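# Observations on the three-dimensional arrangement
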Amino acid sequence: MLVILTVIGALVVVKYVVWLLWNPAVFLCRTIQELVSRKTFVEKYGSWAVVTGSTDGIGKHYAMELARRGVNIVLISRNPQKLGNVATEIESSYNVKTRIIVADFTQGTEIYTHIEQELQDIPVGILVNNVGMATEHPTRFCSESLQRKLELMRVNTMAVTAMTRLLLPAMLNRRCGAVVNVASAAGAVDCLPHAAVYAATKAYICHLTASIQGEYARSGVHIQTLTPFFVSSNMTAFSDALHRGNLFVPSARVYARHAVATLGKLTNTSGYWTHGLQMVLLQTLPVWLQTKVVSVFTYFIMIDYKRTQRINDEK
Ligand SMILES: NC(=O)c1ccc[n+]([C@@H]2O[C@H](COP(=O)([O-])OP(=O)(O)OC[C@H]3O[C@@H](n4cnc5c(N)ncnc54)[C@H](OP(=O)(O)O)[C@@H]3O)[C@@H](O)[C@H]2O)c1
């Protein structure tokens, strides 16, 4: 009996250690492969990338990081002036070309016809489905309007689905390319009270991407899910503590630099090392405890949101 229990215990420990070290080991091996092959992103994936939601935050800095590696960028966002500014910033910083497409992802299917027309003559090698919308601050399901929930669902689920359907076929034909779907740790945990619709849409992205990864595993196209925890950006500006950033809440620039470094190496990653640690810790917990931890955390975020609001009102 003791022997059986020892064997079971040993198997559990081995499984846990393998699970824990899998991503770091794969990352290390692929980094060595990359150094040996000396292939640039352009050689690996193609000369153009499309980044949605690229006028601010993670999307903007992801686009800048790809441009730094010599990739031409198509920026898609809703604000023409901000798009122009980011395009100028990229072209003046790096020796690449840019294109801009104005599209509001809260709108219906007509925007995808427009995007398809604009992208007709561009061989897109990398698609970064980054655009996303969150609840303005953590709030209960019934405290937020239906209109906002429907917009959030369109931006977070329709955009990633439509853009992937639009651009993946050409990558499959060329047998090279990359699709990066920016989900969130919110979609990787079992539930997220006070951000229900956001978390549900991000879980959609995780599932969608995992399924597509399965379908096209040997296609030559790298399909990646990014599941960041908090990043300091406009999306987290509702909380002073989050917006200030810290070791666990990197700036969008720092986050994007690390996330781009995982492209082609990891298929599912939180994209930043301290986020990886948080993910491991959370996923180690039993679901009931994970739910409690997440609930307590959102409670403190809500308190900080109210404090931030008070400070802003007093200014
Ligand atoms: N920040 C975090 O803590 C965090 C954590 C996990 C996952 N994520 C995910 O990371 C992605 C980027 O987040 P972020 O923090 O960088 O957000 P952000 O700073 O708010 O930037 C969002 C970008 O998307 C654009 N955008 C927003 N709504 C749009 C719409 N309806 N149509 C077209 N463009 C639109 C914004 O354009 P404007 O410049 O016009 O606003 C901006 O360029 C999102 O998918 C988000 O869910 C973020």
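These notes cover the structure that comes with them. (Residues numbered from 1 in each chain as written. Predicted model: local features only at pLDDT ≥ 70, side-chain atom pairs only at ≥ 80, totals over all residues. Heavy atoms only, no water.)

Here we take up the overall build of the protein. Assigned secondary structure in the protein consists of twelve helices and seven strands. Expressed as lengths along the three principal axes of its C-alpha atoms, the size of the protein is roughly 65 × 55 × 35 Å. Split into buried and exposed, the 315 residues of the protein put 45% on the buried side. Partitioning the intrachain contacts of the protein with sequence separation of at least 6 by distance along the chain shows that 72% fall at a separation of at least 24. Positive and negative side-chain charges in the protein, numbering 30 and 20 respectively, have mean positions lying 8 Å apart. (Helix = DSSP H or I, 4+ residues; strand = E, 2+ residues; numbered from the N terminus. Buried < 20%, exposed > 50% of the residue type's maximum accessible area, 1.4 Å probe, protein only. Contact = heavy atoms within 4.5 Å. Lys, Arg positive; Asp, Glu negative; His and termini not counted. Charge placed at Lys NZ, Arg CZ, Asp CG, Glu CD.)

What follows covers a nonpolar patch on the surface. Residues Val13, Tyr16, Val17, Trp19, Leu20 and Leu21 make up a contiguous nonpolar surface patch of about 510 Å² in total accessible area. One can find Trp19 in helix 1 (residues 2–37). A relative accessible area of 38% places Trp19 in the partly exposed class. (Patch = residues over 30% accessible without salt bridge, like charges linked within 9 Å, V, L, I, M, F, W, Y side chains within 5 Å. Areas by Shrake-Rupley, 256 points an atom, 1.4 Å probe, with all protein chains shown as cover. Salt bridge = Lys/Arg side-chain N within 4 Å of Asp/Glu carboxyl O.)

With that settled, consider helix 3 (residues 57–68). Look at helix 3: 17 Å from first C-alpha to last across twelve residues, which is about the 16 Å you get at 1.5 Å a residue. Of all twelve residues in helix 3, ten are buried; the element is thus mostly enclosed. For helix 3, the complete set of buried residues consists of Gly57, Ile58, Gly59, Lys60, Tyr62, Ala63, Met64, Glu65, Leu66 and Ala67. Just past helix 3, the residue Gly70 takes up positive phi, approximately 90°. (Expected span 1.5 Å × (residues − 1).)

Bringing the site of the ligand into the picture now. Around the ligand there are 31 residues in total, and Thr55, Lys82, Asn130, Tyr198 and Ser233 lie nearest to it. In the environment of the ligand, an oxygen atom lies 2.7 Å from a nitrogen or oxygen atom belonging to the backbone of Asn130. Tallied by class, residues from the shell around the ligand come to 13 nonpolar, 13 polar and five charged. (Near = heavy atom within 4 Å. Polar contact = N/O pair within 3.5 Å; in protein donor to acceptor, adjacent residues only side chain to side chain. Nonpolar A, V, L, I, M, F, W, Y, C, P; charged D, E, K, R; others polar.)

What follows deals with the pairing of strand 2 (residues 72–77). Among the six residues in strand 2, six count as buried, and that is most of the element. Across the two faces of strand 2 the burial is the same, with Asn72, Val74 and Ile76 and Ile73, Leu75 and Ser77 all buried. Bridge analysis of strand 1 (residues 48–52) against strand 2 gives five bridges, and the strand direction is parallel. What sits directly across from Val51, in strand 2, is Leu75. (Pairing = 2+ DSSP bridges.)

Looking now at the pattern of salt bridges. Within the structure shown, the criterion is met by 13 salt bridges. The partner of Lys265 in a salt bridge is Glu34, and the shortest N-O contact between them spans 3.4 Å. In this pair, Lys265 is assigned in the loop between helix 10 (252–261) and strand 7 (268–269) and Glu34 in helix 1, connecting sequence segments 231 residues apart. For the residue pair Lys265 and Glu34, the accessibility class agrees, reading buried in each case.

Tallied over the entire structure, the rule returns zero disulfides. For the unlinked cysteine Cys191, the closest cysteine sulfur is that of Cys206, found at 14 Å. (Disulfide = S-S within 2.5 Å.)

Below, the discussion takes up the environment of His258. You can see His258 is positioned in helix 10. With 193 residues separating them in the primary sequence, His258 and Glu65 have C-alpha atoms 9.6 Å apart. Ignoring sequence-local partners within four residues, the contact set of His258 consists of Gly271 and Tyr272. From its side chain, His258 meets the backbone oxygen of Val254 in a polar contact 2.9 Å long.

Another aspect to go through is the packing of helix 3 against helix 10. Interaxial distance between helix 3 and helix 10 falls to 8 Å at its minimum, and their mutual angle equals 50°. On the basis of the axis angle, helix 3 is oblique to helix 10. Viewed along their axes, helix 3 and helix 10 form a crossing whose handedness is right-handed. Contacts between helix 3 and helix 10 pair Gly57, Ile58, His61, Tyr62, Glu65 and Leu66 from the former with Ala252, Arg253, Tyr255, Ala256, Arg257, Ala259 and Val260 from the latter. (Axes fitted to C-alpha atoms, helices over the stretch in contact; angles between N-to-C directions. Parallel < 35°, antiparallel > 145°, perpendicular 65-115°, else oblique. Left-handed = near helix turned anticlockwise from the far one by under 90°.)

Turning our attention to unusual backbone geometry. In most cases, non-glycine residues show a negative phi, while peptide bonds are predominantly trans. Positive phi values are uncommon outside glycine, yet Arg38 reaches one of about 55°. Tracing the backbone shows Arg38 in the loop between helix 1 and helix 2 (41–45). Unlike most non-glycine residues, Arg175 shows phi in positive territory, near 60°. Within the secondary structure, Arg175 is located in the loop between helix 6 (146–174) and strand 5 (177–182).

Once that is clear, we can look at the nonpolar core. Judged by nonpolar contacts, the single largest core of 46 residues is most densely connected at Val50, Ile76, Phe105, Ile115, Leu119 and Met163. Of all the elements, helix 6 adds the most residues to this core, at nine residues. Apart from residues lying up to four places away in sequence, Ile115 is in contact with Ile76, Ile101, Ala103, Phe105, Met163 and Leu166. Formed by 33 residues, the second largest nonpolar core is a distinct cluster that contains Leu66, Ile126, Val180 and Ala256. (Core = buried A, V, L, I, M, F, W, Y, C linked by side-chain atoms within 4.5 Å.)

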